[in-house]
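The chain contents come next:
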Amino acid sequence: MRTRTILIAVLTASSVCLTAHAESADMYMKSFIDNLMSKMTLKEKIGQLNLPVTGDIVTGQAKSSNIADKIRRGEVGGLFNLKGADKIREVQKIAVEQSRLHIPLLFGMDVVHGYETVFPIPLALSCSWDMKGIEHSARIAAIEASADGISWTFSPMVDICRDGRWGRMSEGSGEDACLGSAIARAMVKGYQGENLAASNTIMACVKHFALYGAAEAGRDYNTVDMSHWRMFNDYFPPYKAAADAGAGSFMTSFNVVDGIPATGNKWLLTDVLRKTWGFNGFVVTDYTAISEMIAHGMGNLQQVSALALNAGTDMDMVSDGYIGTLEQSLAEGKVSLQAIDQACRRILEAKYKLGLFTDPYRYIDIKRAKKFIYTPQHRADARAIAAETFVLLKNQGGLLPLRKTGKIALIGPLADTKANMPGTWSVAAAFDKYKSLREAMIGAVGNKARILYAKGSNIMNDAQIEANGSMFGREIRDSRPADEMLREALSVADKADVIVAAVGETSEMSGESSSRSSLTIPDAQQALLAALKQTGKPIVLLNFSGRATVMNWEDANFDAILNVWFGGSEAGDAICDVLFGDKSPSGKLTVTMPKSVGQIPIYYNHLSTGRPLAEGKWFTKFQSNYLDIDNEPLYPFGYGLSYTTFKYGDLVLDRTSMTQADSIRATITVTNTGNFDGDEIVQLYIRDVVGSVSRPVKELKGFSRISLKKGETKTVNFVIDADKLKFYNSTLDYVCEPGEFKVMVGPNSRDLQSKNFKLSE
């Protein structure tokens, strides 16, 4: 007992010391910044709020010029998308040696899913349901980017999306708030580590705040309109999770919220983000978001710049609205000096926390860049997690895995392109270092089999539409006539024992400004697939995509479909690892795959209508359904097959009632009953049967990724406590209400066992 008392005393003293140290550090930071700001002119303060773009990679609608002169005058707070430690050092030197107050610059970049070691696109990463792996991917991205001079990343993108037409679905983690929140926390922790001032961590920037993934008609930059109740329950949780995890910055979204553009929305940026959630970092706009408020009908550049500052936006990306108008607005009483000072302080605090005032060159070490970027270990880690992201949608007759024997025909426009393997927003990628799928397959089979290749078709028949979706060095258009390419493909197929069809989207057909009205595989490739089907040869369809895809015909006509998304710099080898059975596929969908765009928005955790269609029915008059298609998706949320099989035991609850002060343990056994070792993702869903507001038919509340040797059994436990039952009610109070609940466990959101329990007063 005495030992325990001493231990408690030591721990308490340590906690007090840590708290005191943190308070002391905050006081020192405040004193330092107070002193610095007392020396700053108004123009220099406003200059800290200015984020122009320079460098090799440019996005959006504009590009600022005369950067060096602006830096010397103290009119720049940071720069972004400048690649290379040597280039960044030159620019930082101007700031700290040639400006009056020697204030260092922030250097940001869209390190969205890796630096030169590129991990799978975020949507694919989410399909791994592997929080440790996802955090590790962000850690490696931070190590590489920081070694090359970057101290700030515009990631993670945590927007919930339920509409595959929106191209930026590829950048997020799917349709679910529970999973999205877990990933947001993992990404922030991976980027920022335990110490933001360490030279191998970078500041996260959570985007896009808020609701960007709900753009009407799936059209990028379009209007968003929803109730606050839906915001808080379905869309806000991942943003809040990232803020709670300590993210250093947030980025505003392009869309309106309650009719006011997010960049100028005080309720969103001040009342919710800062006052309600306690976020104390800084807010930056997206590219030209301030000037774009003019087109939204919010006024001229001076008016919208004042609107943004007064709303709580601290930094202006590219619009030159703050640097060009805030002095005048201050003189006219449209903004206050206090607002300018507050925004300036937040930017300076970020630089202080990153350690830039101590050493402005801490992230700029050319020797370190050579040592830590695209290393063999980083590549191996990227390859390993990429294999976890692929989702096996169908495997009739056990066609997969393929044997490394005979002749294998690799056909399709995505089969021999290096640049399209990493996926969208791989701005620091070094394409020449990566393998195409064709190169990887040749290496994988060695002298055991022959890989026969034909492109087969272009991405689509219309050259202009293909060009619209093939930018930034990813163009692969073939000038040969379509019938010539098809004849070549059929000739190759005729010689082969099995066909691997590499089809789908190019990497830039998803991502920013890449909305699509149709989600089917493009026309030229559909014709290729139809012709290959006629050969009678077994066909494995590899679907490259950055969004949910409509594949009704493909599902009906091909024995094996593997969704490979865009797997990053090591995608080619990772695909081969799964294709040839060195690894069993284990990814599970984090978006619902529709049968038709007419079903959109489609998501598993929907509300019930007053006239729900009976289970198993297609159409019943005067029920909620379609005349021409059933309500069910092609593939449900959480779905994914393996080369092995898993048997679930009976779901057991240790009790059937609980209060808010205690919990229930849900237990289930899972057995690997097949012939391969494999990973399974066990999913927990809960339904609140009766509430003060209508509640979803089910909601993901937990998951566990487990590894099982063939024949092995494991027990999975989930603890259900009051936090898992809470929601925002009609008055936006966060509550859990007494009553009946249904708990469901299984391999996906459709195939579930269920038990009931009660929450008492």
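Residues numbered from 1 in each chain as written. Predicted model: local features only at pLDDT ≥ 70, side-chain atom pairs only at ≥ 80, totals over all residues. Heavy atoms only, no water.

The name given to the chain in an unreviewed UniProt entry is Periplasmic beta-glucosidase, with the source organism recorded as Hoylesella oralis ATCC 33269. Regarding the chain, the UniProt comment filed under Sequence similarities (unreviewed entry) reads as follows: "Belongs to the glycosyl hydrolase 3 family." Per UniProt, the comment on the chain under Subcellular location (unreviewed entry) is "Periplasm". (UniProt positions renumbered as here; feature names shortened; annotations may be inferred.)

Draft legend 1. Up close: the pattern of salt bridges. Under the counting rule described, the total for this entry stands at 46 salt bridges. The shortest N-O distance in the salt bridge between E44 and R100 comes to 2.7 Å. Separated by 56 residues along the polypeptide, E44 in helix α2 (residues 42-47) and R100 in the loop between α4 (85-98) and β3 (106-109) bring together distant segments of the chain. Here E44 falls in the buried class, since its relative accessible area comes to 9%. By relative accessible area, R100 is classed as partly exposed at 48%. Close ionic contact of E171 with R168 constitutes a salt bridge, the shortest N to O distance being 2.6 Å. The buried category is assigned to R168, whose relative accessible area is 1%. (Salt bridge = Lys/Arg side-chain N within 4 Å of Asp/Glu carboxyl O. Helix = DSSP H or I, 4+ residues; strand = E, 2+ residues; numbered from the N terminus. Buried < 20%, exposed > 50% of the residue type's maximum accessible area, 1.4 Å probe, protein only.)

Draft legend 2. Just the sheet that holds strand β11 (residues 391-395), in detail. The mixed open sheet is built from 6 strands, whose spatial order is β11-β16-β15-β14-β12-β13. Unpaired on one side and paired on the other, β11 and β13 (450-454) mark the two borders of the sheet. Here the average twist between neighbouring strands, direction ignored, is 20 degrees. Summarising the sheet, strand β15 (residues 539-544) and strand β16 (residues 560-563) pair through 4 bridges and their orientation is parallel. Residue L541 lies in a different strand from β16, and its bridge partner there is I561. (Pairing = 2+ DSSP bridges. Axes fitted to C-alpha atoms, helices over the stretch in contact; angles between N-to-C directions.)

Draft legend 3. Structural detail: the nonpolar core. Counting 89 residues, the largest nonpolar core has I71, F209, L211, F236, Y239 and F250 as its most contacted members. A domain-level breakdown of this core finds at least three residues from each of domain 2 (386-580) and domain 4 (644-759). Once residues lying within four places of it in the same chain are set aside, the contact partners of Y239 are V158, D159, V206, K207, H208, F209, A210, L211, Y212, F250 and W277. One finds M169, L392, I476 and A548 within the second-largest nonpolar core, a separate group that totals 82 residues. (Core = buried A, V, L, I, M, F, W, Y, C linked by side-chain atoms within 4.5 Å. Domains from an automatic or database assignment. Contact = heavy atoms within 4.5 Å.)

Draft legend 4. Inspection of the sheet that holds strand β26 (residues 739-746) at higher detail. Spatially, β19-β27-β26-β21-β22 is the arrangement adopted by the 5 strands of the open sheet, whose pairing is mixed. Only two strands of the sheet have a single neighbouring strand rather than two, namely β19 (657-658) and β22 (699-708). Of the pairings in the sheet, the one linking β19 to strand β27 (residues 753-759) comprises 2 bridges and is parallel in character. Within β27, the position partnered with M658 by the bridge is L759.

Draft legend 5. Local environment of the environment of P261. When you line up the elements, P261 lands in strand β8 (residues 260-261). Given a relative accessible area of 2%, P261 falls into the buried group. Separated by 122 residues in the primary sequence, P261 and R139 have C-alpha atoms spaced 33 Å apart. Among residues more than four places away in sequence, those in contact with P261 are N255, V256, M293, H296 and M298.

Draft legend 6. Quick look at the packing of aromatic side chains. By the definition in use, this model includes 31 aromatic pairs. Ring centres 5.2 Å apart and planes at 85 degrees place the aromatic pair Y221 and F254 in the edge-to-face group. One end of the pair, Y221, is in the loop between β5 (203-209) and α8 (228-235); the other, F254, is in the loop between β6 (249-252) and β7 (256-257), and 33 residues separate them in sequence. Classification of Y221 as partly exposed rests on a relative accessible area of 34%. Through a chain of ring-to-ring contacts, three or more aromatic side chains come together here, namely F209, F232, F236, Y239, F250, W267, W277, F279, Y728 and Y734. K621 extends its terminal NZ or CZ atom over the ring of F622, reaching a point 5.6 Å from the ring centre. One cation-aromatic arrangement involves R695 over F727; the distance from NZ or CZ to the ring centre is 4.0 Å. (Phe/Tyr/Trp six-rings, centres within 6.5 Å; stacked < 30°, edge-to-face > 60°. Lys NZ or Arg CZ within 6 Å of the ring centre and 35° of its normal.)

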